[in-house]
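Listed below are the residues making up each chain.
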Amino acid sequence: MVCGGFTCSKNALCSLNVVYILVGLLLIGVAAWGKEFGIVSSIHIIGGVIAVGFFLLLIAIVGLIGAIHHHQVMLFFYMIILFLVFLVQFGVSCSCLAMNQDQQEKLLNSTWSLMSNNTKGELEGRLDCCGLLNNTLGQKQFTQDWFSCNAPCKDRRNCYTCGTMMLQHATEALKILGGVGLFFSFTEILGVWLAVRYRNQKDPRANPSAFL
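None of the values given here were measured: they were computed from a predicted structure. (Residues numbered from 1 in each chain as written. Predicted model: local features only at pLDDT ≥ 70, side-chain atom pairs only at ≥ 80, totals over all residues. Heavy atoms only, no water.)

**As for the overall build of the chain**
Working step 1: Within the chain, the secondary structure is distributed over 8 helices and 0 strands.
Working step 2: Looking at the chain as a whole, 42% of its 212 residues qualify as buried.
Working step 3: Contacts in the chain between residues far apart in sequence, at least 24 positions, make up 77% of those at least 6 positions apart.
Working step 4: Per element, the accessible surface of the chain, about 11600 Å² overall, is 65% carbon and sulfur. (Helix = DSSP H or I, 4+ residues; strand = E, 2+ residues; numbered from the N terminus. Buried < 20%, exposed > 50% of the residue type's maximum accessible area, 1.4 Å probe, protein only. Contact = heavy atoms within 4.5 Å. Areas by Shrake-Rupley, 256 points an atom, 1.4 Å probe, with all protein chains shown as cover.)

**Let's talk about the UniProt feature "transmembrane region" (unreviewed entry) in the chain**
Working step 1: Under the local residue numbering, the UniProt record ascribes the feature "transmembrane region" (unreviewed entry) to residues 12-33, 45-68, 75-100 and 176-196.
Working step 2: What you have in residues 75-100 is 92% helix and 0% strand, and the ends, taken at the C-alpha atoms, are 39 Å apart.
Working step 3: With 100% helix and 0% strand, residues 176-196 has end C-alpha atoms that lie 31 Å from one another. (UniProt positions renumbered as here; feature names shortened; annotations may be inferred.)

**Some thoughts on the state of the cysteines**
Working step 1: One pass over the full model with this rule turns up 3 disulfides.
Working step 2: Disulfide pairing places C130 opposite C149 at an S-S distance of 2.0 Å. On the sign convention where negative means left-handed, the S-S torsion of about -70° between C130 and C149 marks this disulfide as left-handed. Taken together, the residues C130 in the loop between α5 (117-127) and α6 (139-148) and C149 in the loop between α6 and α7 (152-156) connect sequence positions 19 residues apart. This pair shows no difference in class: C130 is buried, exactly as C149 is.
Working step 3: Once the bonded cysteines of the chain are numbered in order along the sequence, the disulfide links fall as 1-6, 2-3, 4-5.
Working step 4: There is no disulfide at C94, and the cysteine sulfur nearest it, in C96, is 9.2 Å away.
Working step 5: For C94, a relative accessible area of 30% corresponds to the partly exposed category. (Disulfide = S-S within 2.5 Å.)

**Some remarks on helix α3 (residues 72-98)**
Working step 1: Relative to the 39 Å expected for 27 residues at 1.5 Å per residue, α3 spans 39 Å between its end C-alpha atoms, a close match to the ideal helical length.
Working step 2: Q72, L75, Y78, M79, L82, V85, F86, Q89, V92, S93 and C96 are the residues of α3 that are buried. (Expected span 1.5 Å × (residues − 1).)

**Comments concerning the packing of helix α4 (residues 101-112) against helix α8 (residues 162-199)**
Working step 1: At a minimum axis separation of 11 Å, α4 and α8 run at an interaxial angle of 125°. In terms of their interaxial angle, α4 and α8 are classed as oblique. Considering the relative orientation of α4 and α8, their crossing is right-handed. Residues Q101, Q104, E105, L108 and W112 of α4 lie in contact with α8, whose contacting residues are C162, G163, M166, L167, A170, T171 and L174.
Working step 2: Across the contact of α4 with α8, the residue classes tally to 7 nonpolar, 4 polar and 1 charged. (Axes fitted to C-alpha atoms, helices over the stretch in contact; angles between N-to-C directions. Parallel < 35°, antiparallel > 145°, perpendicular 65-115°, else oblique. Left-handed = near helix turned anticlockwise from the far one by under 90°. Nonpolar A, V, L, I, M, F, W, Y, C, P; charged D, E, K, R; others polar.)

**As for the side chain of Q89**
Working step 1: As for its placement among the helices and strands, Q89 is situated in helix α3.
Working step 2: If we skip the residues at most four places from it in the chain, Q89 touches L27, V52, L56, G181, F184, S185 and E188.

**A few points about the nonpolar core**
Working step 1: Formed by 33 residues in total, the largest nonpolar core has its most connected members in L13, Y20, V49, L56, Y78, L82 and L177.
Working step 2: Looking at this core, the element that brings in the most residues is helix α1 (residues 6-39), giving 10 residues.
Working step 3: For Y20, the residues in contact, after removing those within four places along its chain, are L56, A60, Y78, L82, T187, E188 and G191.
Working step 4: Counting 11 residues, the second-largest nonpolar core is a separate cluster that includes L132, L133, C162 and M166. (Core = buried A, V, L, I, M, F, W, Y, C linked by side-chain atoms within 4.5 Å.)

Shown next, in the form of structure tokens:
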């Protein structure tokens, strides 16, 4: 059977959805890794990537079931939602790649000022660091954080700032997330096209009168 046939379209759509499931798991895993290494929930793009990965995982499962059973309604909703996921994932991925260090510092500074002293202390103890960033803009806040810091590195007098450590991991995570997300966002357009084509094809084994 030529590749434009029913069986080929079905197999291609099933294979693509298996890839989407793997991509969704990869996005969730890398984003969780980035948060685990101290990027914290202040960088909302990381949370956005986890949400996109989760919804991509769900819609891929729906698409896989719809492709296997040639279910018209499931395939219709699959096309619509997958296109919306493409728009969100494309935007989030571009944001990840476009975010420079100054923007990352602004995000960290805005969130650090909203954190309670207990939360700051827990983060400093976990990362073994003191204060956020020792720069001109945050000098007053850094001085206050330094005196209240109880991290082990302070006793050794060899402390890095928490902002420096978080920015290092943030840059790595954002590049990986942005690259992977941007690459696979274009395959979602292929998925929409395949779903439209497969949905309008007739199953040769089905009852002709049952075809919509």
